[in-house]
Amino acid sequence: MKRHRTRFSIFAFLFLFATLTGAVRADKIDDEIRARMKERHIPGAAVAVVKNGKVVRLKGYGLASMEFSVPVTKDTAFEIGSVSKQMTAAGIMLLVEDGKVNLDERISKYLPGTPEAWKDVTVRHLLTHSSGIKSYTSLTGFELSRRVKMEGFIEQLSPYPLEFTPGEENIYSNSGFNLLAYIIQTQSGKPYMDFMRERIFRPLGMNKTTNRDPRNIIPLRAEGYEWEDEGHRGRDGSLTDLMGAGSIVSTVTDLIKWNAALNGDTFLKPESKKQIWTQFVFNNGEKSPYGFGWRISDFRGQHLIGHTGQTAGFGAANFRYTDAGINVIVLTNLGESGMGSLLATRIAKYYIPSLSLKSLKPVEEKIPGLGAKLGKVLAARREGRVEEDITAESLRRFLGTDRAKRETERMLPFGAERKIEFVETEIDGEMEYYDYRTETAKRFYLWRVSVDKDGKLSRLTLVEEE
């Protein structure tokens, strides 16, 4: 009997130890999320982590409404921005399976009134940002308040020339996904959002996913905010009509269902999902970073299929690390670019330690002395000046922007660079970029730089920090 009690005590101790270890890990993630939210002034966030099909984290942080002190919960509805694109792409694939859409058909077959300049643009080009059609979100006349219909959208966009030959390269184009939404309408005979509800949202149990239109009454809808002049502001009410490019409101619980459906075998055929998650091949045979509504990459040894979303007052991310079986979903109500991605990446590192910046291996510099130039530029930036002799005019303009100044001020408390190491070369089309990891007393950073023909730094982007 005594031996059995001892054995039981050992098992009880091990169980307690495992439980406490899990709790410590969970607390560290909570601390990380709250620290980053405080540092970046994010009012609220909803977070979900799914590991091998099991939900291991589902939680709300901060406030959905600062005015009324309403907390974020797992059921808070956020605008998901361009995460909507993967759903629009799925809608197109359902019509492909129905035999109503051909991916390599010219879009003029499905859309009335398209200009001659678009004659070689196919459905596949729209899905992969390789059509060359100018993105309308940088133009005026497409505000949500105008309620532009399909004919008006095509007519207003038609005068703008293609930015490149279809299939030759890619430039992110919201226009392509609005046109895909119109193809869904013409080929299904139903309004875009009605089709999405009937064929995707309701069958998958995504009952809280809908159109973001401000006129709609959406239970538990979060308010969107911006950080300006050292304080929070309500988002600008003059919204662009995003339709198939980013018009969806959802919750982390619904997005868990969305990802589960993609992992299963009852929603979309295997061949459809294979095409969605295959990188587009340009006319010259090189691979694009895009599939159909998803960005596809190998990220520090992990196959990553994901996308971020950004609208006025909101930021989102849906990242699928397929090798590790980890899916991280983050929804936020701050409009500053990259907040969803920032939180999602930081969270993923707790489940996949190899993603840490600390795991990067330094290599020999591609351009000898570039790291030293970067160090001088960063040191000058902290002191509020510019090293004009080693920076191109384009970078000097950027360093003078309010955004760059705010970024510098935020980073000052973390100290000066005590180590700068070259880690990787990045190729994007004809452009070559160089990634450097810098280390201060309190933080690691990953900087991406480019140089002009004279060897001067022409671009400086903070890609990641931890």
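Keep in mind that this is a model prediction, so the values were computed, not measured.

(A) Summary view of the overall build of the protein chain. If you tally the helices and strands in the protein chain, you get 13 helices and 16 strands. At 24 Å, the protein chain has a C-alpha radius of gyration in line with the 23 Å of a compact globule built from 466 residues. Along the three orthogonal principal directions, the C-alpha set of the protein chain runs to about 75 × 75 × 50 Å. Looking at the protein chain as a whole, 51% of its 466 residues are labelled buried. Distance between charge centroids for the protein chain: 8 Å, based on 68 positive and 61 negative side chains.

(B) The arrangement of the sheet that holds strand S5 (residues 210-211) in detail. Spatial ordering of the open sheet is given by S4-S8-S5, a layout of three strands whose pairing is antiparallel. The open sheet terminates on both sides in strands that have one partner only, identified here as strand S4 (78-79) and S5. In this structure, S4 lies alongside strand S8 (residues 248-250), joined through two bridges in antiparallel fashion. Bridging from a neighbouring strand, Glu-79 pairs with Val-249 of S8.

(C) Region of interest: the side chain of Ser-250. Counting through the fold element by element, Ser-250 comes out in strand S8. Look at Ser-250 and you get buried, because its relative accessible area is 0%. Of the polar contacts made by the side chain of Ser-250, one reaches the side chain of Thr-209; its length is 2.8 Å.

(D) Up close: the packing of helix H5 (residues 174-188) against helix H6 (residues 192-201). Remark: H5 packs on H6, axes separated minimally by 8 Å, with the N-to-C direction vectors making an angle of 75 degrees. Regarding the angle of H5 to H6, the classification is roughly perpendicular. Each of Ala-181, Ile-184, Gln-185 and Ser-188 in H5 lies in contact with H6, whose residues at this interface are Tyr-192, Phe-195 and Met-196.

(E) Local environment of the pattern of salt bridges. Applying the stated criterion across every chain yields a total of 40 salt bridges. Arg-385 is paired through a salt bridge with Glu-383; the nearest N and O atoms lie 2.7 Å apart. The partner of Arg-385 in a salt bridge is Glu-387, and the shortest N-O contact between them spans 3.2 Å. Ionic contacts of the salt-bridge type, sharing partners, join the residues Glu-32, Arg-36, Glu-39, Arg-40, Arg-346, Arg-410, Arg-443 and Glu-465 into one network.

(F) The arrangement of the packing of helix H4 (residues 150-157) against H5 in detail. For the pair H4 and H5, the least separation of the axes is 11 Å and the interaxial angle reads 145 degrees. Taken as a pair, H4 and H5 cross one another with a handedness that is left-handed. Along its contact with H4, which presents Met-150, Phe-153, Ile-154 and Leu-157, the element H5 presents Ser-175, Asn-178, Leu-179, Tyr-182 and Thr-186. Residue composition of the contact of H4 with H5, grouped by class: six nonpolar, three polar and no charged.

(G) Focus on the environment of Thr-186. Here Thr-186 is to be found in helix H5. In this structure the C-alpha to C-alpha distance between Thr-186 and Met-150, which are 36 residues apart in sequence, comes to 9.8 Å. In this structure, Thr-186 is in contact with Tyr-110, Leu-111 and Met-150, ignoring residues within four places of it in sequence. One polar contact links the side chain of Thr-186 to the main-chain carbonyl oxygen of Tyr-110, over a distance of 2.9 Å. Only 3.2 Å separates the side chain of Thr-186 from the backbone oxygen of Ile-183, close enough to count as a polar contact.

(H) Main features of the confidence of the model for the protein chain. Mean pLDDT over the protein chain works out to 92, with 94% of the residues at or above the 70 mark. Below pLDDT 50 for its whole length, residues 1-25 participates in two contacts with residues either more than four positions away or in separate chains.

(I) Focus on H4. Residues of H4 that are buried include every one of Met-150, Phe-153, Ile-154 and Leu-157, and no others. Looking down the long axis of H4, one finds its buried residues gathered within 90 degrees of arc, a one-sided arrangement.

(J) Looking closely at the sheet that holds strand S14 (residues 431-439). With antiparallel pairing, four strands are arranged side by side in an open sheet as S13-S14-S15-S16. The sheet is open, and its two edges are formed by strand S13 (419-428) and strand S16 (457-465), each paired on a single side. Pairs of neighbouring strands in the sheet enclose a mean axial angle of 25 degrees, with direction left out of account. As paired elements, strand S15 (residues 444-451) and S16 share seven bridges and run antiparallel to each other. When the sheet's bridge partners are listed, Arg-448 is paired in S16 with Thr-461.

(K) Examining the pairing of strand S9 (residues 295-299) more closely. Pairing geometry for S9 and strand S10 (residues 302-311), over five bridges, is antiparallel. Considered in S10, the bridge of Asp-298 is made with His-303. Adjacent in sequence and paired antiparallel, S9 and S10 are bridged by two residues, among which Arg-300 carries a positive phi angle near 50 degrees.

(L) Spatial organisation of unusual backbone geometry. For Asn-52, which is not a glycine, the phi torsion comes out positive at approximately 50 degrees. With respect to the helices, strands and loops of the structure, Asn-52 is situated in the loop between strand S1 (44-51) and strand S2 (54-65). Residue classification places Asn-52 among the exposed residues on the basis of a relative accessible area of 61%. Positioned with a positive phi, Ser-69 is a non-glycine residue whose angle comes to about 55 degrees. By secondary structure assignment, the location of Ser-69 is in the loop between S2 and strand S3 (70-71). When its relative accessible area of 52% is taken as the criterion, Ser-69 is described as exposed.

(M) Quick peek at helix H2 (residues 84-97). Helix length check: H2 (14 residues) gives 20 Å between terminal C-alpha atoms against 20 Å at 1.5 Å per residue, within 8%. Counting buried positions along H2 gives 12 out of 14 residues, so the element sits mostly inside the fold. Inspection of H2 places Ser-84, Lys-85, Gln-86, Met-87, Thr-88, Ala-89, Ala-90, Gly-91, Ile-92, Met-93, Leu-94 and Leu-95 among the buried residues, and these make up the whole buried set. Looking one or two residues beyond H2, the residue adopting positive phi is Gly-99, at roughly 80 degrees.

Conventions used here
- Residues numbered from 1 in each chain as written.
- Predicted model: local features only at pLDDT ≥ 70, side-chain atom pairs only at ≥ 80, totals over all residues.
- Heavy atoms only, no water.
- Helix = DSSP H or I, 4+ residues; strand = E, 2+ residues; numbered from the N terminus.
- Rg over C-alpha atoms; globule rule 2.2 N^0.38 Å.
- Buried < 20%, exposed > 50% of the residue type's maximum accessible area, 1.4 Å probe, protein only.
- Lys, Arg positive; Asp, Glu negative; His and termini not counted.
- Charge placed at Lys NZ, Arg CZ, Asp CG, Glu CD.
- Pairing = 2+ DSSP bridges.
- Polar contact = N/O pair within 3.5 Å; in protein donor to acceptor, adjacent residues only side chain to side chain.
- Axes fitted to C-alpha atoms, helices over the stretch in contact; angles between N-to-C directions.
- Parallel < 35°, antiparallel > 145°, perpendicular 65-115°, else oblique.
- Contact = heavy atoms within 4.5 Å.
- Salt bridge = Lys/Arg side-chain N within 4 Å of Asp/Glu carboxyl O.
- Left-handed = near helix turned anticlockwise from the far one by under 90°.
- Nonpolar A, V, L, I, M, F, W, Y, C, P; charged D, E, K, R; others polar.
- pLDDT = per-residue confidence, 0-100.
- Arc of directions from axis to C-beta.
- Expected span 1.5 Å × (residues − 1).

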